[in-house]
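# Examination of the molecular architecture
Spelled out from the first residue to the last, the chains are:
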Amino acid sequence: MAHAPAIAHGAEHEDTTTGLNHRKLLMWAFLGSDCMFFGTLLGTYLVYQGKSKVGPFPEDVFSIPVTSTSTFVLLMSSMSMVLAYAALTRGSMKGFRIWLFSTAILGMTFLAFQVFEFREFANHEVHFECSTPLSELTEYEKTFVSQCTDASVVVEEQHGLTPRTNLFGTTFLTLTGFHGAHVTLGVVWLLSLFFYSFKGGVRPETNLDVDLAALYWHFVDVVWIVIFTVVYLFGVFPGI
Amino acid sequence: MTTLAIPLPSRPVHPSGVWGWLTTVDHKRIGILYGVTAFIMFMTGGLEALYMRAQLSVPNNDLVSPDVFNQLFTMHGTTMIFLAIMPMGAAFFNYLIPLQIGARDVAFPRLNAFSYWTFLAGAIMLTSSWFLGGAPNAGWFGYSPLTGEAYNPGHGIDFWILSLQILGIASLAAAFNFIVTIVNMRAPGMSLMRMPLFTWMTLITSFLLILAFPVITVALIELMFDRFFGTNFFVPGAGASPVLWQHLFWIFGHPEVYILILPAMGIISEVVPTFTRKPIFGYPVMVLSGVIIGFMGWMVWSHHMFTVGLGPVANSVFAITTMAIAVPTGVKIFNWMGTMWKGSIDLRTPMLFAIGFIFMFIIGGLSGVMHSSAASDAQQQDTYFVVAHIHYVLFGGSIMALASGIYYWFPKMTGRMMNEGLGKLNFWLVFIGMNMTFFPMHFLGLDGMPRRIYTYDPEMGWNTWNALSSTGAAFLALGVLVFAVNLVRSARNGEEAGADPWDGRTLEWSIPSPPPEYNFAQIPTVHDRDPFWAQKREGVRAVPVAGGSGGDDEHSIHLPQPSYWPLLSSVGLLIGAYGLMYATSSLVALSVAVIGVSITMVSIYAWSFEPVNEPDGASEH
Amino acid sequence: MRMMAEETHGQGANGDIHTGHPTPLIYFKVAMSLCAITAAEVAIFYVEALGHGIIPILIVLSAAKFILVAMFYMHLRYDSRLFSGFFVAGLVLAILVFIALLALFRVFF
């Protein structure tokens, strides 16, 4: 097992004006810039929230239990990422590879959840029995009540949510789609590092490469933290 | 180590000729590439303007059709802002920043090359629209719903969207590079408050770039999705609001105008002290006012929307913030004047343009303050009064400052002086032409002439001013021609300039003209603001020959090696964009798009595995 | 023999700010906090009685998660303030600009 001294990261010991590494500075500037990118997407979503003229609306399609699970998965991937980096700086290449691969797997699991969710939304059906009391129907479902000629009728219609359906579909799918694209890029980055490590390209001394990927990965996680709360949890309110 | 299975050309070691330029990572060469390209695009935008002025010179003219006129004003604005002024600024950032801070190159030389080639890709794409079915025609600000599929079914707007996205990538790459360079590569002793003001303004501009461009990127994505995929971002029938486009555009657009003017102000802050032989008056305030302008630039955007109906509260808030931003701007003017006060003024061409800038920018600022009142803006909005304002600040302001900078730094870049006689002729033609063209527009605007109309009736009372304005444009064109002649002649056989022809104050004047590839034989240690001026007082002279004495051995200076991956990445973007343009209706185009994006992805991948320098200085497979 | 970070820098379970290296235990504790907070958010979401009141509560909770990830996982607590500066600048600007945008669209009133 390689014996490597633990390397303190972020310490000001490079031959630059600030002592900080150029690429790390670049990454943080990039993350600040990316805040504006997601801010604009989220801003668009919030401006249009509650303004869709036709359904389905958030309360019709969102499944908080499912999304909570995918959120949990992404949060755990941040933990595995940070453990991967810690293993690398400790000199444990095996630990590094295991935790890094786990992070990529968890990331891909999150993406699978997203794909599943988007497909569910696209195949959304309005489905309720007319015997259901009005108070238990969503606003969108209520618009179909005219089909209830008597209590035994079951309303069943295909009304999927796509980017073209309404403002909600457009803004929600674009926002989460770009987040998913960021995650995908992150997974590719992590897997590249994983395979590169077998060629000796990733070593404790070059831990900065992994540090940069980790920062990007955690950023993608915090963006999701914001989206989960502001989009999903607040989605229960038709218009804030 | 590269691990690609395909056989590739080896990494260039000391490439010469065209291949040398295509693979360069030297900031000075990249600066020159930016400058030459930007000047060509400036003349293109100028031609578009001349066409418009010819059309408007007399009432009921039919030189161009209304449809072509719409394309002309759209392309003129988009070209001048994104393909002329911004890249010309980038030319100066590229050439000068390492020299002013005492560095040998920028932080990420290949990223630097990439930003130039990507800019060129965007320039090619946008300009080619003229020949590929029609240029965009909805103004440089592309208001919805005019830019939607319903009202604009052709490809013009698609060219606009995709070109701006490519240009955005170029600007972002450059800005990130300059932030890291300025923060992290300064010579020992050069604290932030000892940096040249041009460097400071570049730093602030770069922050504005990285924070503003993401907003327009998203807005353009949203518009593109509406046009290509039928989404609802700006579709009123789905409940969307076209006003959202305006907000997103101007949240970007207002910081953008500060991106256009701050570098110009930085140039003036270098030229005026040099040609007055005095340090800048109030350096800390000049820095602070630049920073404040950067901050406040985010608080004023809806002054472009006073007539949209946002309501009295919104209008009042933005009117107040807009008036407030005049303060740090005005402070700079006072400080330049304070610098000149009791100075020993040298009225050669760079200083003529600088004084012209101050004068013209004051006028542009005054019309700007007139706009800041929502009430008076209600009359001025969408009239030629705004056109007057824009051109006083952007031509009288940015362009004149850039001209000043070119005359000032041309000797450093080429080792030759520009001709002073032609320079003065250039200045006066431009100064007179500029005022003749744009001052009448104030009156036209107040007399009610709207913007973006292709002709007007003779009874409106606008004939004389329009004729005068178009005559002025001819003078302007002549002035630009004189400039071009001066540029070419001087580059060929201008009078030889030494390292320090103007008795300069900052570090770039302490090295030979043109600088050696490695810039400084020995990285200087800085003890003062205006470090070279201070050095000269202590008896140090400019280094007359390359290498100099007591410096590092030239062979021990390691410079970043050339690379072709940045160029390839940009080529991939251009191919991908052309493919994407037609991808929703053609499978071939879709394949082209995929190929283009793949070239970019592979290039970026290979680039990330390529070391800054090959270990033995030679290429390896 | 492997040298553990905590042995080299002689730090306790809380991580040493000055040598900048939290322990795997800290990372695990942060992960558990993130899970607990998420669970709390979801639980509060189902309390219908709170109505719109969940908004400030959930904002505070997700801000807590954000800060935990930024400070510990992204290491901002231990790193140069310049990194935090770059990031916070973009973050704060985004928050302020887009709150202003929402206000302009009368989202709040």
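Here the residue numbers are simple positions, counted from 1 along each chain's written sequence. Think of it this way: whatever chain is written first is A, whatever ligand is written first is 1, and the rest follow in order. Since the coordinates come from a predicted model, pLDDT governs what is reported: local features require at least 70, and pairs of side-chain atoms require 80 or more to be given and counted, while whole-chain, interface and lining totals use all residues. Heavy atoms from the whole structure form the basis of all side-chain values; hydrogens and water molecules are not counted.

## What about unusual backbone geometry?
Residue Pro56 of chain A is bonded to the preceding Gly55 of chain A through a cis peptide linkage, with omega at 0°. For the bond running from Ser513 of chain B to Pro514 of chain B, omega is -10°, close enough to zero to count as cis. By the criteria applied, helices consist of DSSP H or I runs no shorter than four residues and strands consist of E runs no shorter than two, each listed in order from the N terminus. As for its placement among the helices and strands, Pro514 of chain B is situated in the loop between α14 (463–493) and α15 (531–537). Of note, the phi angle at Arg277 of chain B is positive, near 55°, even though the residue is not glycine. Within the secondary structure, Arg277 of chain B is located in the loop between α7 (242–276) and α8 (283–296). Its identity as a non-glycine residue notwithstanding, His75 of chain C has a phi of 70°, on the positive side. The topology assignment puts His75 of chain C in the loop between α3 (54–73) and α4 (81–104). Residue His75 of chain C is classed as buried on the basis of its relative accessible area of 2%. The rule is simple: take the accessible area with a 1.4 Å probe, protein chains only, and divide by the maximum for that residue type; under 20% is buried, over 50% is exposed, in between is partly exposed.

## Observations concerning the interface of chain C and chain A
Accessible area lost during the coming together of the parts is what is often quoted as the interface size. Opposite the 50 residues of chain C that make contact, chain A presents 54 residues. The rule for a salt bridge is simple: a side-chain nitrogen of Lys or Arg has to be within 4 Å of a carboxyl oxygen of Asp or Glu. At the junction of chain C and chain A, the tally comes to one salt bridge. When the shortest N-O distance is used, the salt bridge between Asp79 of chain C and Lys24 of chain A registers 3.3 Å. Any pair of nitrogen or oxygen atoms within 3.5 Å is treated as a polar contact; in protein, a donor-acceptor pairing is required on top of that, and neighbouring residues in sequence qualify only through side-chain atoms on both sides. Linking chain C to chain A there are two residue pairs in polar contact (both at pLDDT 80 or more). Going through the elements one at a time, α1 (5–9), α2 (24–45), α3 and α4 of chain C are the ones with two or more residues in the side of chain C that touches chain A. The leading source of residues in the side of chain C that touches chain A is α4 of chain C, at eleven residues. The criterion used for residue contact is that any of the two residues' heavy atoms lie within 4.5 Å.

## Topic: the domain arrangement of chain B
Residues and elements named next belong to chain B. In terms of domains, chain B is made up of domain 1 (28–46 + 64–343) and domain 2 (353–502). Where a domain begins and ends is set by an automatic assignment or by a domain database. Placing the centre of domain 1 and that of domain 2 at their C-alpha centroids yields a distance of 19 Å. On the side of domain 2, 39 residues touch domain 1, which itself brings 42 residues to the contact. Where domain 1 packs against domain 2, one counts zero salt bridges. Where domain 1 meets domain 2, there are two residue pairs in polar contact (both at pLDDT 80 or more).

## Concerning α3 of chain C
Counted at 1.5 Å a residue, the expected span for α3 of chain C with its 20 residues is 28 Å, and the 27 Å between its end C-alpha atoms agrees. If you check which residues of α3 of chain C are buried, you get Ile54, Ile55, Leu58, Ser62, Lys65, Phe66, Leu68, Val69, Ala70, Phe72 and Tyr73 of chain C. In the core, the buried residues of α3 of chain C are packed alongside α3 (64–90) and α7 (207–233) of chain A together with α2 and α4 of chain C. Taken from the residues just after α3 of chain C, His75 of chain C is the one with a positive phi, measuring 70°. Under the convention used throughout, the expected extent of a helix is 1.5 Å for every residue step, that is, one less than its residue count.

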